[in-house]
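The primary structure of each chain is shown beneath.
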Amino acid sequence: MRRLLATALMFVSVAAFADDTPSTTPAQATRTEVGQLAPTFALETVDGSTFDLEAQRGKVVLLNFWATWCPPCIEEMPALRDRVFARFEGDDFAMLCIAREEDSPKIRAFAKKRKVTVLPMAGDVDRSVYAQYAEHTIPRNVVLDREGRIVFQSFGFEEPEFTEMVETIAELVGDEAPE
């Protein structure tokens, strides 16, 4: 009986320590602030080119952090394609969807299945880029002005926040056309 009780107690203890629920809120987990220069990085995109954030100065930039297994990220992808990329693609705008802990083959398969192959995507396999911006919680969007300063941040996918993000990009790009 004691052995059974000890074994049960051990499993409960292990389960308690195995819980990977974050101890901070998504807002507390954000490592960047509106107004600061965005942390720079360079990533190889799924098409083999390099996206160097420093080289994007002079453009409005949207960074989207996501993962293939994340339900809100999956829900957000068509909106990113239709309401952001299709509207703002051009010389004044750059965008990169950064898949946290994902590699190019997995990202390409996801993009094909979800019909979002038009979106510029890259993998952050070791999470080193994401770690500069946040500890946890995706999707996460970061909008940068032409000088590379963060002007908007959000986490999760909620329509009012997404609309605010699109309006922020439109204002920065100088596109006042209706969504």
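Conventions and cut-offs
- Residues numbered from 1 in each chain as written.
- Predicted model: local features only at pLDDT ≥ 70, side-chain atom pairs only at ≥ 80, totals over all residues.
- Heavy atoms only, no water.
- Disulfide = S-S within 2.5 Å.
- Buried < 20%, exposed > 50% of the residue type's maximum accessible area, 1.4 Å probe, protein only.
- Core = buried A, V, L, I, M, F, W, Y, C linked by side-chain atoms within 4.5 Å.
- Helix = DSSP H or I, 4+ residues; strand = E, 2+ residues; numbered from the N terminus.
- Phe/Tyr/Trp six-rings, centres within 6.5 Å; stacked < 30°, edge-to-face > 60°.

Draft legend 1. Molecular detail of the state of the cysteines. A complete count under the given rule lists 1 disulfide for this structure. Across a sulfur-sulfur distance of 2.4 Å, C70 and C73 are joined as a disulfide pair. Torsion about the S-S bond of the C70 and C73 cystine: about 75°, corresponding to right-handed handedness. Judged by relative accessible area, C70 falls into the buried class, the value being 2%. Owing to a relative accessible area of 0%, C73 belongs among the buried residues under this scheme.

Draft legend 2. Seen up close, the nonpolar core. Core analysis: the largest hydrophobic core is formed by 52 residues, its most contacted members being F41, L63, L80, V84 and I169. Of all the elements, helix α3 (residues 71–88) adds the most residues to this core, at 8 residues.

Draft legend 3. Fine view of the packing of aromatic side chains. In this structure the tally under the stated criterion is 7 aromatic pairs. Seen from their ring centres, F41 and F51 are 6.1 Å apart, and the 25° between their planes marks the pair as stacked. Taken together, the residues F41 in the loop between α2 (26–29) and β1 (42–44) and F51 in strand β2 (residues 50–52) connect sequence positions 10 residues apart. Each member of the pair, F41 together with F51, is buried. Measuring from ring centre to ring centre gives 5.7 Å for F88 and F93, while their planes differ by 50°; the resulting arrangement is tilted. Classification of F88 by relative accessible area gives buried; the value is 4%. Taking the relative accessible area as the measure of exposure, F93 reaches 5% and is therefore buried.

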